[in-house]
Amino acid sequence: MTFQRLAALSTRARIAPRLVRGGHGAQHFNEPGGYLFGVKPGQKYEKEGWETIWVGGFGFAFALAAVGLYYKPDTRQEAERQMREEGDVLEYKHTEYRA
């Protein structure tokens, strides 16, 4: 069997052209320029409009989570009381480690 015939039978050879053709017009991507975030040294970074809202939203979500975890009710005492009523053992005998 020749290489061309094997390539024609290959799944990758049949799927790859469809991936290239099936787009929405010309494909655009940013060429790598070698600079972090595409900002050259000495240039000032200009924020986009959505960045301030996104960072503020993340900060608010973390602060809300921290406050919620700080004021979370302690349910250990209630759980220990229920376990004692049911007859469960809360303290276990310590076993020594043997090598």
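Everything numeric here is computed off the predicted structure, so don't read it as measured data. (Residues numbered from 1 in each chain as written. Predicted model: local features only at pLDDT ≥ 70, side-chain atom pairs only at ≥ 80, totals over all residues. Heavy atoms only, no water.)

Some thoughts on the packing of aromatic side chains
Moving on, step 1. Tallied over the full model, the rule gives four aromatic pairs.
Moving on, step 2. Measuring from ring centre to ring centre gives 6.5 Å for tryptophan 50 and tryptophan 54, while their planes differ by 85°; the resulting arrangement is edge-to-face. Here tryptophan 50 pairs with tryptophan 54, and both are found in helix α3 (residues 49–70), just four residues apart, close to one helical turn.
Moving on, step 3. On the numbers, 5.9 Å between centres and 40° between planes, the contact of phenylalanine 58 with phenylalanine 62 is tilted. In this pair, phenylalanine 58 and phenylalanine 62 are both assigned in helix α3, four residues apart and thus about one turn of the helix distant. (Phe/Tyr/Trp six-rings, centres within 6.5 Å; stacked < 30°, edge-to-face > 60°. Helix = DSSP H or I, 4+ residues; strand = E, 2+ residues; numbered from the N terminus.)

Observations concerning the pattern of salt bridges
When charged atoms on two side chains of opposite charge get close, those side chains can pair.
Moving on, step 1. Tallied over the full model, the rule gives three salt bridges.
Moving on, step 2. A salt bridge links arginine 76 to aspartate 74, with the shortest nitrogen-to-oxygen separation between them at 3.0 Å.
Moving on, step 3. What you see here is one network of salt bridges that share partners, running through Glu78, Arg81 and Glu85. (Salt bridge = Lys/Arg side-chain N within 4 Å of Asp/Glu carboxyl O.)

Considering the confidence of the model for the protein chain
Moving on, step 1. Averaged over every residue, the pLDDT of the protein chain is 79; residues scoring 70 or more account for 71%.
Moving on, step 2. Of all secondary-structure elements in the protein chain, the lowest mean pLDDT belongs to helix α2 (residues 11–21), at 53, while α3 reaches the highest, 96. (pLDDT = per-residue confidence, 0-100.)

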